[in-house]
Amino acid sequence: LTEEVLKEKEGVKRDERELAELRNKVAQLRRSCLVEHHERLQKASKDEALAAMKGRDAAVRGAQPTRPHDHGGHSWSAHVFNPTGPQTSAPAKRGVPVGLQGPGAGVHY
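Residues numbered from 1 in each chain as written. Predicted model: local features only at pLDDT ≥ 70, side-chain atom pairs only at ≥ 80, totals over all residues. Heavy atoms only, no water.

Caption draft 1: Expanded view of the overall build of the chain. Scanning the chain from N- to C-terminus turns up 2 helices and 0 strands. Counting all 109 residues of the chain, 6% fall into the buried class. (Helix = DSSP H or I, 4+ residues; strand = E, 2+ residues; numbered from the N terminus. Buried < 20%, exposed > 50% of the residue type's maximum accessible area, 1.4 Å probe, protein only.)

Given below as structure tokens:
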């Protein structure tokens with residue numbers, strides 16, 4: 001009878017260990033799923049923010065020439081040169097680069 005009780009206790013301990021291992025595995029899988037879910041949310045948020053920034057950039061670029069060489073090959077020249085701005089017949093200033101004289105500088109009709 002004592003042997004049976006000892007065997008039964010060992011069996012219960014074995015079952016308890018197995019159950020504890022399974023609980024640990026389930027907890028680990030839950031944490032893993034939560035981490036993956038969080039990473040997917042972060043990636044989606046980052047992608048959405050990037051798409052929004054690209055949309056704003058495209059809108060800004062739509063108002064400016066798309067090729068830098070349209071205004072002498074300088075990326076800043078689109079900001080200096082304004083072909084649709086007011087035209088003046090002011091004489092060119094000596095020593096100032098043509099692109100920095102202002103719109104229409106040196107244009108005579």
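Caption draft 2: Spatial organisation of the pattern of salt bridges. Following the criterion strictly, the structure yields 1 salt bridge and no others. The closest approach of N and O atoms between Asp-47 and Lys-43, which form a salt bridge, is 2.9 Å. Within this pair, Asp-47 and its partner Lys-43 are both found in helix H1 (residues 2-62), separated by 4 residues, close to a single helical turn. Among the residues examined, Asp-47 registers a relative accessible area of 38% and is labelled partly exposed. (Salt bridge = Lys/Arg side-chain N within 4 Å of Asp/Glu carboxyl O.)

Caption draft 3: Just a positive patch on the surface, in detail. Where like charges cluster on the molecular surface, the positive patch consists of Lys-9, Lys-13, Arg-14 and Arg-17. Within the secondary structure, Lys-9 is located in helix H1. For Lys-9, a relative accessible area of 52% gives the class exposed. (Patch = residues over 30% accessible without salt bridge, like charges linked within 9 Å, V, L, I, M, F, W, Y side chains within 5 Å. Areas by Shrake-Rupley, 256 points an atom, 1.4 Å probe, with all protein chains shown as cover. Lys, Arg positive; Asp, Glu negative; His and termini not counted. Charge placed at Lys NZ, Arg CZ, Asp CG, Glu CD.)

Caption draft 4: Main features of a negative patch on the surface. Judged by side-chain charge, Glu-3, Glu-4, Glu-8, Asp-15, Glu-16, Glu-18 and Glu-21 come together as a negatively charged surface patch. For Glu-18, the location among the structural elements is in helix H1.

Purely geometric numbers; function is a separate question.
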